[in-house]
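As a plain string of letters, each chain reads:
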Amino acid sequence: MFQEFGKALIGIGVVLVIIGIIFLLGGKFGIGHLPGDIILKRDNFTFYFPLMSSIILSVVLTLILWLFRK
């Protein structure tokens, strides 16, 4: 029981490290400022929704998790 729990914690840790690396390096590759990201600027209000960046991040994480299951 504890061995399986330990493996799950290690897997979650690896996924979190990968997500952290994506966030650190994402700005260098344009993640967060892609065409399709929604930015609304008004006088004293800015709304930013990274739609395309979220879709790409979701696809990448889905592929990584799919590879871990194999």
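Here the structure is shown first, and the text comes after it.
Keep in mind that what you see is a predicted model, and the values were worked out from it rather than measured. (Residues numbered from 1 in each chain as written. Predicted model: local features only at pLDDT ≥ 70, side-chain atom pairs only at ≥ 80, totals over all residues. Heavy atoms only, no water.)

(A) Examining the overall build of the protein more closely. Across its full length, the protein carries two helices and two strands. Ordered by position in the sequence, the α and β elements of the protein form the string α-β-β-α. Expected size for 70 residues packed as a compact globule is a radius of gyration near 11 Å; at 16 Å, the protein overshoots this value by more than 25%. Projected onto its principal axes, the C-alpha coordinates of the protein cover approximately 55 × 25 × 20 Å. Expressed as a percentage of the 70 residues in the protein, the buried residues total 7%. Residue pairs in contact within the protein that sit at least 24 positions apart in sequence constitute 26% of those at least 6 positions apart. Element-wise, carbon and sulfur atoms account for 73% of the exposed surface of the protein, whose accessible area totals about 6,200 Å². (Helix = DSSP H or I, 4+ residues; strand = E, 2+ residues; numbered from the N terminus. Rg over C-alpha atoms; globule rule 2.2 N^0.38 Å. Buried < 20%, exposed > 50% of the residue type's maximum accessible area, 1.4 Å probe, protein only. Contact = heavy atoms within 4.5 Å. Areas by Shrake-Rupley, 256 points an atom, 1.4 Å probe, with all protein chains shown as cover.)

(B) Broad picture of the pairing of strand β2 (residues 46–49). Sheet topology note: the strand β1 (residues 38–41)/β2 ladder contains four bridges and is antiparallel. Pairing of L40 across the sheet is with F47, part of β2. Following β1, the chain reverses through four residues before pairing antiparallel with β2. (Pairing = 2+ DSSP bridges.)

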